[in-house]
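Now for the letters of each chain:
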Amino acid sequence: MKQIVAIYPGSFDPVTNGHLDLIHRGCKLFDRLVVAIARNPEKDDSLFSLEERIEMLKAMTEDLDNVTVDAFEGLLMTYCIENQANAVLRGIRAVSDYEFELQMALMNRKIEPRVETVFMMPAEKYSYLSSRIVREIAAFDGPLNGLVPELVEEHLRRRVAEKRAVTSEIPIK
Ligand code: PNS
């Protein structure tokens, strides 16, 4: 019987409860789900290193037997073919996501027609949640409960404190 292997690609900087909601939904639908963190050496302004993001995602998915965590560089479609994946999972939170996601899905289909993009919706309570908003709330010491797992919140608080320590060494003119 044909196995459906799906790749869930993203930046995951950091992983949020919205991402985890999608992973839980996706792993019920596919035989295997690979959460693949995109590495972009040309645009590396991420808050967490690739290794830190892998560590957080692995810790949050260790109870899911058919989920693995990996990283990739280059074209997503090349990574899919190299890993015998036949689907890509992406989340759509609101209409505003649709335009970019459609463009990406259609471009990916043009590059590699054998791979199908599957869209899933996270729970409504995560429809306004994004890694960018989480980073911003953390930067201003705002509340993160319900937005990210406790482990991720710990990492965020620590990283913000580290960044603050470095900035406070720079004199303001
Ligand atoms: O979490 P993000 O930042 O929305 O994820 C975007 C991501 C990493 C899935 C996308 O930028 C991507 O697939 N990058 C890999 C390079 C690639 O294949 N680009 C062509 C996409 S049409």
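Keep in mind that this is a model prediction, so the values were computed, not measured.

Bringing the layout of surface pockets into the picture now. Its volume calculated, the largest pocket comes out at about 1,400 Å³. Lining the largest pocket are 44 residues; nearest its centre among them are Gly 10, Ser 11, Phe 12, Arg 90 and Phe 100. At nine residues, the largest contribution of residues to the lining of the largest pocket is made by helix H4 (residues 95-111). Of the residues that constitute the lining of the largest pocket, the class distribution is 17 nonpolar, 14 polar and 13 charged.

Moving on to the side chain of Asp 97. Along the chain, the position of Asp 97 falls in helix H4. Sequence-distant contacts of Asp 97, that is, excluding residues within four places in its chain, are made with Gly 91 and Ile 92.

Right, let's get into the environment of Ala 87. Inspection of the secondary structure puts Ala 87 in strand E4 (residues 87-91). For the pair formed by Ala 87 and Phe 100, sequence separation is 13 residues and the distance between their alpha carbons is 18 Å. For Ala 87, the contacting residues outside a window of four places in its chain are Ile 4, Val 5, Ala 6, Ile 7, Phe 30, Val 115, Glu 116 and Val 118.

Those residues of helix H5 (residues 131-139) that sit buried are Ser 131, Val 134 and Ala 138. Looking straight down H5, one finds its buried side chains confined to an arc of 60°; they lie on one side. The elements touched by buried residues of H5 are helix H1 (17-29) and helix H6 (150-168). The positive-phi residue at the C-terminal boundary of H5 is Asp 141, with phi of around 55°.

The environment of the ligand is made up of Pro 9, Gly 10, Ser 11, Ala 38, Phe 72, Gly 74, Leu 75, Leu 76, Arg 90, Met 104, Met 107 and Asn 108. At 2.6 Å from an oxygen atom of the ligand is found a side-chain nitrogen or oxygen belonging to Ser 11. Here Arg 90 contributes a side-chain N or O atom positioned 3.0 Å from an oxygen atom of the ligand. Bound to the protein, the ligand loses 68% of the 550 Å² it would expose on its own. Under a 2 Å grid-point criterion requiring more than half of the atoms, the pocket assigned to the ligand is the largest pocket. Elements supplying a minimum of two residues to the shell around the ligand: strand E1 (5-10) and H4. Split by residue class, the shell around the ligand holds seven nonpolar, four polar and one charged.

Moving on to the state of the cysteines. Within the structure shown, the criterion is met by zero disulfides. No disulfide involves Cys 80; its sulfur sits 18 Å from that of Cys 27, the nearest cysteine.

Of all hydrophobic cores here, the largest spans 34 residues; its most connected members are Tyr 8, Ile 23, Leu 33, Val 35, Leu 57 and Leu 156. Counting only elements with at least two residues in this core, the list comes to E1, H1, strand E2 (32-39), helix H2 (50-61), strand E3 (67-73), E4, H5 and H6. Here the element with the most residues in this core is H1; it accounts for four residues. When neighbours within four sequence positions are excluded, Val 35 is seen to be in contact with Tyr 8, Phe 12, Ile 23, Leu 57, Val 67, Thr 68, Val 69 and Asp 70.

Procedures and definitions
Residues numbered from 1 in each chain as written. Predicted model: local features only at pLDDT ≥ 70, side-chain atom pairs only at ≥ 80, totals over all residues. Heavy atoms only, no water. 1 Å grid on protein atoms, 1.4 Å probe; cavity = no way out; pocket = protein on both sides within 12 Å on 5 of 7 lines; lining within 4 Å. Points joined across faces, edges and corners; volume = space filled by probe spheres on them. Helix = DSSP H or I, 4+ residues; strand = E, 2+ residues; numbered from the N terminus. Nonpolar A, V, L, I, M, F, W, Y, C, P; charged D, E, K, R; others polar. Contact = heavy atoms within 4.5 Å. Buried < 20%, exposed > 50% of the residue type's maximum accessible area, 1.4 Å probe, protein only. Arc of directions from axis to C-beta. Near = heavy atom within 4 Å. Polar contact = N/O pair within 3.5 Å; in protein donor to acceptor, adjacent residues only side chain to side chain. Areas by Shrake-Rupley, 256 points an atom, 1.4 Å probe, with all protein chains shown as cover. Sits in = over half its atoms within 2 Å of the grid points. Disulfide = S-S within 2.5 Å. Core = buried A, V, L, I, M, F, W, Y, C linked by side-chain atoms within 4.5 Å.

Honestly, that's just the spatial picture; any functional story needs more than this.
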